[in-house]
Amino acid sequence: MRYRSLFLLAASAAIALSAAALAQNKPEDTEVWTPVPTVVTPGAAVVGALPSDAVVLFDGKNLDEWVTTNDTAKPAGWTVADGVVTVKKDAGNIQTKRSFTDYQLHIEWKIPAGIKGEGQYRGNSGVFLASTGAGDAGYELQVLDSFVNKTYVNGQAGSIYKQAAPLVNACRKPGEWQSYDVAWSAPRFAPGGALQSPARVTVLQNGVLIQNNFELKGETAFIGAPSYHAHGPSPIKLQAHGDPSAPISFRNIWVRDLSKN
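An account of the accompanying structure is given in this report. (Residues numbered from 1 in each chain as written. Predicted model: local features only at pLDDT ≥ 70, side-chain atom pairs only at ≥ 80, totals over all residues. Heavy atoms only, no water.)

### Quick notes on the pattern of salt bridges
If you walk through the whole model with that rule in mind, you get eight salt bridges. The salt bridge partner of aspartate 29 is lysine 26, with a shortest N-O separation of 3.6 Å. Among the residues examined, aspartate 29 registers a relative accessible area of 30% and is labelled partly exposed. Its salt-bridge partner being glutamate 108, residue arginine 251 comes within 2.7 Å of it at the nearest N-O pair. Of this pair, arginine 251 sits in strand β18 (residues 249-257) while glutamate 108 sits in strand β8 (residues 103-110), and the two are 143 residues apart along the sequence. Residue classification places glutamate 108 among the buried residues on the basis of a relative accessible area of 7%. (Salt bridge = Lys/Arg side-chain N within 4 Å of Asp/Glu carboxyl O. Buried < 20%, exposed > 50% of the residue type's maximum accessible area, 1.4 Å probe, protein only. Helix = DSSP H or I, 4+ residues; strand = E, 2+ residues; numbered from the N terminus.)

Following this line, the structure appears as structure tokens:
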């Protein structure tokens, strides 16, 4: 009877786990709405000198450092004009030709003035800190108009999408340039593919700390829980999100490869 009871307990636990997994089969199952991060007004923008060891990924002139994510033999097809690159949604995501492990990234982005829409349909894009495959595979730092725009907090600007809300909301209003400064430590995997150490990230938005050495639970998942899959050095990816609002722009993108230090 004892062994039969143990078997029944184990079976019940397995069924409960399966039921919990099946319950997370809609995007809203992993949306978190509270607590809402406090709004912090960032200080004046400061444009610093480029570090001597930085690799310039976009200097306002061309996308020579980038390719199309779903066809890496194809040049990036976004629009470059007046020193900025603007998302071209029907051209798809773009990613760097180079791959990185640990790095420091600086990137500036702007939601267009007069943008329409609400929630996730208002200036949606993303910086994938490591692109692990086609489409949106990888680890996403969310880009969105979150100046005055209600959405789930683990999907607002500055969130590690569907994993961690920003510590505070440090967004500027549409039409103003914003910055992310990121310190990324990639996950490590054993030769057999088992996770040895998770990815970690620290992010400043407009000079304000919004992610503090956060330990990621895995790659970004729109539906269900995040999980890890073994990979090596990876490109940085920018998202051409399919929401109907006006496309956003990027400028002044550079990276310091910390794996070489």
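### Brief notes about the nonpolar core
Formed by 50 residues in total, the largest nonpolar core has its most connected members in Leu105, Tyr180, Trp184 and Phe250. Mapped by element, the contributors of at least two residues to this core are β2 (55-58), β8, β9 (125-131), β10 (138-143), β12 (177-185), β15 (200-205), β16 (208-215) and β18. When residues of this core are assigned to their parent elements, the largest contribution, four residues, is made by β8. Setting aside its immediate chain neighbours within four residues, leucine 105 contacts Leu57, Val127, Tyr180, Asp181, Val182, Ile236, Ile253, Trp254 and Val255. (Core = buried A, V, L, I, M, F, W, Y, C linked by side-chain atoms within 4.5 Å. Contact = heavy atoms within 4.5 Å.)

### Side note on the side chain of arginine 122
In this fold, arginine 122 is placed in the loop between β8 and β9. Reaching out from arginine 122, the side chain makes a polar contact with the side chain of aspartate 145 at a distance of 2.5 Å. (Polar contact = N/O pair within 3.5 Å; in protein donor to acceptor, adjacent residues only side chain to side chain.)

### Comments concerning unusual backbone geometry
Of the consecutive residues threonine 34 and proline 35, the connecting peptide bond is found in the cis state with omega at -10 degrees. Tracing the backbone shows proline 35 in the loop between α1 (2-23) and β1 (38-39). Even without being a glycine, asparagine 206 presents a positive backbone phi close to 55 degrees. Position of asparagine 206 among the secondary structure elements: in the loop between β15 and β16. For asparagine 252, which is not a glycine, the phi torsion comes out positive at approximately 50 degrees. For asparagine 252, the position within the fold is in strand β18. Judged by relative accessible area, which is 28%, asparagine 252 ranks as partly exposed.

### Description of the sheet that holds strand β3 (residues 66-68)
In space, the six strands of this open sheet follow the order β4-β3-β7-β17-β9-β10, with antiparallel pairing throughout. Either end of the sheet is taken by a strand with one partner, and the two such strands are β4 (71-75) and β10. Of the strand pairs in this sheet, β3 and strand β7 (residues 94-96) are connected by three bridges, and their pairing is antiparallel. Residue pairing in the sheet places tryptophan 66 in a bridge with threonine 96 of β7. (Pairing = 2+ DSSP bridges.)

### Topic: the environment of histidine 241
Looking at the element boundaries, histidine 241 is found in the loop between β17 (237-238) and β18. Residue class for histidine 241 comes out partly exposed when judged on its relative accessible area of 23%. For the pair histidine 241 and glycine 117, spaced 124 residues apart in the sequence, the C-alpha separation amounts to 14 Å. Beyond its immediate stretch of four places on either side in the chain, histidine 241 contacts Lys89, Gln120, Asn124 and Ser125. Among the polar contacts listed, one links the side chain of histidine 241 to the side chain of asparagine 124, at a separation of 3.4 Å. At 3.0 Å, the side chain of histidine 241 forms a polar contact with the backbone nitrogen of aspartate 243.

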